[in-house]
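# Structural description and commentary
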Amino acid sequence: MENRTEKLVNGILASYDKYDLTGRIDAENMLSRDVLIEVVEEIRRVLFPGFFDKNRVRSDYIKFLVGERLEFIQYNLKKQVARALGSSDMCSECDKSAINAKAEEIVYMFMGKIEKIRDYLYTDIQAAYNGDPAAYSTDEIIFSYPGVFAITVYRIAHELWLLKVPMIPRIMTEYAHSSTGIDIHPGATIGKYFFIDHGTGIVIGETTEIGDNVKIYQGVTLGALSTRKGQELKGIKRHPTIGDNVTIYSGTTILGGDTVIGSGATIGGNAFIVNSVSEGMKVSVKNPELQFSRGTSAENPQDEFWDWCI
């Protein structure tokens, strides 16, 4: 049995040498996804005090609590940013002290953006409440709406993206993606009063630009026309631009970096758009024609059923 086990171990070890991209043994700058998730959750507690705490948050010690949380975020995020910088091309020739100094500066600048993130999230929650008749309170939205969770994590990650932090923003948004089914790239630019209704299956690509007061339903893709050229397309505008006050209904796909949806436009469900839409236009797909026929069930010949097709 020991010989068989040893053979298995040796085979796996050999595969580590063969497929070096899928392993990081003895690596000094490996990120911790678990720590980054803890950081995200602690930032959410700062952004929404009292909502995600185990105990009641009292105004008597809120200053102390915020300070303690910022210290946790700063310490852990700095370590992760330093590791990300150390494993990237940005600091490939930097010494450890220079990397740590750069990480400290980045984290300090990020912490200064928390007030801005709260400002944007206030508008997002207000948009969700105003736009959803099924919402009975803003508390319900903050606690339970997957769109708000995904947008919150995106807004955190986006600020780190703007500070040119490698890898970490994407790890954060993919955490939200895995929890909600909403995939927002941290590089996308999204304005205020952004509302995602239901949300499952939404994809928002890296170079997407979204204005203010935009509402998106489940199953919407804001994507690229083609990614066959792969890395050659890096840095090129590949995803659409959505103007202010636009509503995009479920199942719609909008593709291309040159595609602009003008302000005030409404895009009906299941549309496939690769060309620009003028301001104020309403775009809809012609209703499919339903055909009904009366048939007989093969399993129960005596039973009648309705069979329909499009």
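As a starting point, this report considers the structure included with it. (Residues numbered from 1 in each chain as written. Predicted model: local features only at pLDDT ≥ 70, side-chain atom pairs only at ≥ 80, totals over all residues. Heavy atoms only, no water.)

With parallel pairing, five strands are arranged side by side in an open sheet as E3-E6-E9-E12-E14. Both outer strands of the open sheet, strand E3 (195-197) and strand E14 (282-283), are each paired with one neighbouring strand and no more. (Pairing = 2+ DSSP bridges. Helix = DSSP H or I, 4+ residues; strand = E, 2+ residues; numbered from the N terminus.)

Moving on: helix H8 (residues 168-180). Here H8 contains 13 residues, and its C-alpha end-to-end distance of 19 Å stays within 8% of the 18 Å for a straight helix at 1.5 Å per residue. Among the residues making up H8, those that are buried are Ile-168, Pro-169, Met-172, Thr-173, Tyr-175, Ala-176 and Thr-180. Buried positions in H8, seen along its axis, are confined to an arc of 145 degrees and lie on one side of it. Elements in contact with the buried residues of H8: helix H2 (33-47), helix H3 (62-86), helix H7 (146-162) and strand E1 (183-184). The positive-phi residue at the C-terminal boundary of H8 is Gly-181, with phi of around 80 degrees. (Expected span 1.5 Å × (residues − 1). Buried < 20%, exposed > 50% of the residue type's maximum accessible area, 1.4 Å probe, protein only. Arc of directions from axis to C-beta. Contact = heavy atoms within 4.5 Å.)

Moving on, we get to the packing of aromatic side chains. This structure, assessed with the given rule, holds seven aromatic pairs. Ring centres of Phe-48 and Phe-51 lie 6.3 Å apart, and the angle between their planes is 80 degrees; this geometry places the pair in the edge-to-face category. The class of Phe-48 is buried, set by a relative accessible area of 7%. By way of ring pairs, the aromatic residues Phe-48, Phe-51, Phe-52 and Phe-143 are connected into one cluster. Above the plane of the ring of Phe-52 lies Arg-44, whose end atom (NZ or CZ) is 4.1 Å from the centre. Geometry around Tyr-120 places Lys-192 over its ring, the cationic atom sitting 5.2 Å from the centre. (Phe/Tyr/Trp six-rings, centres within 6.5 Å; stacked < 30°, edge-to-face > 60°. Lys NZ or Arg CZ within 6 Å of the ring centre and 35° of its normal.)

Read from one edge to the other, the open sheet built from five strands follows the order E1-E4-E7-E10-E13, with strand pairing classed as parallel. The strands lining the two open edges of the sheet, one partner per strand, are E1 and strand E13 (272-273). Note: strand E10 (residues 253-255) against E13, two bridges, orientation parallel. Note that in E13 the partner of Thr-253 across the bridge is Phe-272.

A separate point is the environment of Ile-99. Among the structural elements, Ile-99 can be located in helix H4 (residues 96-111). Considering only alpha carbons, one finds Ile-99 and Ala-84, 15 residues apart in sequence, at a separation of 9.6 Å.

With that settled, the discussion passes to the nonpolar core. Core analysis: the largest hydrophobic core is formed by 71 residues, its most contacted members being Leu-77 and Met-172. When residues of this core are traced back to their parent elements, those giving at least two are H2, H3, H4, helix H5 (114-131), helix H6 (138-144), H7, H8 and E3. Ranked by the residues each element gives to this core, the list is headed by H7, at nine residues. Other than its neighbours up to four places away in sequence, Met-172 contacts Leu-36, Val-40, Leu-77, Val-153, Ile-156, Ala-157 and Leu-160. (Core = buried A, V, L, I, M, F, W, Y, C linked by side-chain atoms within 4.5 Å.)

Moving on, we come to H5. Taking 1.5 Å of rise per residue, 18 residues should cover 26 Å, and H5 covers 25 Å from first to last C-alpha, within 8% of that figure. Those residues of H5 that fall on the buried side of the exposure criterion are Ile-114, Ile-117, Leu-121, Thr-123, Asp-124, Ile-125, Ala-127 and Ala-128. Elements in contact with the buried residues of H5: H2, H3, H4, H6, H7 and E3.

Structurally, the position occupied by Lys-215 is in strand E6 (residues 215-217). There is a polar contact of 2.8 Å between the side chain of Lys-215 and the backbone oxygen of Gly-131. Those residues in contact with Lys-215 that lie beyond four places of it in its chain are Gly-131, Phe-195, Asp-197, Val-246, Thr-247 and Ile-248. (Polar contact = N/O pair within 3.5 Å; in protein donor to acceptor, adjacent residues only side chain to side chain.)

In this section: the side chain of Asp-197. Within the secondary structure, Asp-197 sits in strand E3. Here Asp-197 sits buried without a salt bridge, and the closest side chain of opposite charge, Lys-215, lies 4.7 Å off (N-O distance). Every residue in contact with Asp-197, bar those within four places of it in the chain, is listed here: Asp-132, Lys-215, Ile-216, Tyr-217 and Gln-218. (Lys, Arg positive; Asp, Glu negative; His and termini not counted. Salt bridge = Lys/Arg side-chain N within 4 Å of Asp/Glu carboxyl O.)

Further remarks concern the packing of H2 against H7. Closest axis-to-axis distance for the H2/H7 pair is 11 Å, and the angle between their directions is 105 degrees. The pairing of H2 with H7 is recorded here as roughly perpendicular in orientation. On H7, the residues that touch Val-40, Glu-41, Ile-43, Arg-44 and Leu-47 of H2 are Phe-149, Thr-152, Val-153 and Ile-156. Along the lines of polarity and charge, the residues of the contact of H2 with H7 split into six nonpolar, one polar and two charged. (Axes fitted to C-alpha atoms, helices over the stretch in contact; angles between N-to-C directions. Parallel < 35°, antiparallel > 145°, perpendicular 65-115°, else oblique. Nonpolar A, V, L, I, M, F, W, Y, C, P; charged D, E, K, R; others polar.)

These results come straight from atomic positions and should not be treated as a statement about function.
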